Amino acid sequence: MYQFDIAAGSKAELYRDLHAALDALTAGEGDAVANMANAASLIWQYLPDLNWAGFYRMVGGELVLGPFQGKAACIRIPVGKGVCGTAVAEARTQRVADVHAFPGHIACDAASRSELVVPLLLDGTVIGVLDLDSPEPGWFDEEDQAGCEALMALLAPRVAAMAD
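In this report, we go over the structure that sits alongside the text. As the structure is a computational prediction, the values presented were derived from the model and not from experiment. (Residues numbered from 1 in each chain as written. Predicted model: local features only at pLDDT ≥ 70, side-chain atom pairs only at ≥ 80, totals over all residues. Heavy atoms only, no water.)

**Things to note about the sheet that holds strand S4 (residues 94-96)**
Each strand in a sheet pairs with its neighbour through backbone hydrogen bonds, running either in the same direction (parallel) or in the opposite one (antiparallel). The cut-off we apply is this: Strands are labelled as partners when DSSP assigns at least two bridges between them. Numbering of helices and strands runs from the N terminus, with a helix taken as a DSSP run of H or I at least four residues long and a strand as a DSSP run of E at least two residues long. Axes here mean lines fitted to C-alpha atoms, for a helix over just the part in contact, with angles spanning 0 to 180 degrees between N-to-C directions.
In space, the 6 strands of this open sheet follow the order S3-S2-S1-S6-S5-S4, with antiparallel pairing throughout. Two strands close off the open sheet at either side, each with one partner strand: strand S3 (76-78) and S4. This sheet shows a mean twist of 25° between the axes of neighbouring strands, independent of strand direction. When strand S1 (residues 52-59) meets strand S6 (residues 125-134), the two strands line up antiparallel, connected through 6 bridges.

Here you go:
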């Protein structure tokens, strides 16, 4: 199907290659679920030290579980609650070094220690979020945030069919 040459070098190279791979996987595909599923799988496969990678979709004013890789997860998250709900309420990325110190953190997996949540923005409206968890405290840095924000900027219009 697709052959990806994902760099084992710098983070910048990794995210450049992930961007190209996500572009190849989702270009011309109009199904939002298929595109989110491939994105979650790609991220899970190539970003190290994750224990969960997936999506929550905005449905009826709340976040609802979408395609993911990892353990079973919380199904519904209210806007403004936990890291994911805060990302929606503020319409901006949340990078949390210690989820146990985050007020109102929702612990779907007690092994998670750090989290990166990136909103999927379509014309300024949050239509979902990418949620990444790591069992390592402080795992995500500015390069991860910038890289994942670029991935979600590419993906958002390709999952537009799910917007309510």
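**Focus on the pattern of salt bridges**
What counts here: A pair is scored as a salt bridge if a Lys or Arg side-chain nitrogen falls within 4 Å of a carboxyl oxygen belonging to Asp or Glu.
Summed over all chains, the structure comprises 6 salt bridges. With a closest N to O distance of 3.2 Å, Arg16 and Asp17 form a salt bridge. Note that Glu62 is salt-bridged to Arg76, the shortest N-O span being 2.7 Å. Taken together, the positions of Glu62 in strand S2 (residues 62-70) and Arg76 in strand S3 put the pair 14 residues apart, joining distant regions of the chain. Here the salt bridges do not stand alone but share partners, grouping Lys11, Asp141 and Asp144 into one network.

**Remarks on helix H4 (residues 142-155)**
Condition: To estimate the expected span of a helix, count its residues, drop one, and scale the result by 1.5 Å. To sort residues, take the accessible area from a 1.4 Å probe on protein chains only and compare it with the maximum for the residue type: under 20% means buried, over 50% means exposed, and anything in between is partly exposed. The contact criterion used throughout is that any non-hydrogen atoms of two residues lie within 4.5 Å. Residues adjacent in sequence count toward polar contacts only when both atoms are side-chain atoms; beyond that, a polar contact is any pair of N or O atoms within 3.5 Å, and within protein one must be able to donate a hydrogen and the other to accept it.
The end-to-end C-alpha distance of H4 is 20 Å, a good match for the 20 Å that 14 residues give at a rise of 1.5 Å each. Listed as buried for H4 are Asp144, Gln145, Gly147, Cys148, Leu151, Met152, Leu154 and Leu155. Tucked into the core, H4 has its buried residues touching helix H1 (11-26), helix H2 (32-46), S1, S4, strand S5 (114-122) and S6. In this structure Asp141 caps H4, since a side-chain oxygen of it lies 3.0 Å from the backbone nitrogen of Glu143.

**A short note on the environment of Leu132**
Summarising the element assignment, Leu132 is placed in strand S6. Each C-alpha atom, one on Leu132 and one on Ser114, is 8.5 Å from the other, the two residues being 18 residues apart in sequence. Each residue touching Leu132, except ones within four places of it in the same chain, is listed here: Ile43, Leu47, Leu50, Trp52, Ala53, Ser114, Glu115, Leu116, Phe140 and Cys148.

**Remarks on the packing of H1 against H4**
This is how the line gets drawn: The labels follow the angle: roughly parallel below 35 degrees, roughly antiparallel above 145, roughly perpendicular from 65 to 115, and oblique for the rest. Crossing handedness is read from the near helix: turned anticlockwise from the far helix by less than a right angle, it gives a left-handed crossing, and turned clockwise, a right-handed one. Just so you know the grouping, Ala, Val, Leu, Ile, Met, Phe, Trp, Tyr, Cys and Pro go in nonpolar, Asp, Glu, Lys and Arg go in charged, and all remaining residues, Gly too, go in polar.
Orientation of H1 relative to H4, taken along the N-to-C sense of each, is 15°, at an axis distance of 10 Å. Judged on the interaxial angle alone, H4 and H1 are roughly parallel. The way H1 lies across H4 gives a crossing that is right-handed. Residues Lys11, Ala12, Tyr15, Leu18, His19, Leu22, Asp23 and Thr26 of H1 pack against Glu143, Asp144, Gly147, Cys148, Ala150, Leu151, Leu154 and Leu155 of H4. Within the contact of H1 with H4, the residues separate by chemical class into 9 nonpolar, 3 polar and 4 charged.

**Observations concerning the packing of aromatic side chains**
Working definition: an aromatic ring pair is given by the centre-to-centre distance plus the angle between the planes. We count it as follows: In summary, the pairing rule links any two rings of Phe, Tyr or Trp, Trp by its six-membered ring, whose centres are within 6.5 Å, and it sorts them by plane angle into stacked for under 30 degrees, edge-to-face for over 60 and tilted for everything else.
All chains considered together, the criterion is met by 2 aromatic pairs. Ring geometry for Trp52 versus Tyr56: centroids 5.9 Å apart, planes at 25°, classification stacked. Considered together, Trp52 and Tyr56 belong to a single accessibility category, that of buried residues.

**Quick look at the nonpolar core**
To keep it simple, the criterion reads: Throughout this description, the term nonpolar core refers to a set of buried Ala, Val, Leu, Ile, Met, Phe, Trp, Tyr and Cys residues connected via side-chain atoms within 4.5 Å.
Residues Ile43, Leu47, Phe55, Leu120, Leu132 and Met152 are the most contacted members of the largest nonpolar core, which totals 31 residues. At the level of elements, H1, H2, S1, S5, S6 and H4 are the ones that each hand at least two residues to this core. Excluding its chain neighbours within four sequence positions, the residues that come into contact with Leu47 are Leu14, Tyr15, Leu18, Leu132 and Cys148. Counting 17 residues, the second-largest nonpolar core is a separate cluster that includes Leu65, Val83, Val88 and Val99.

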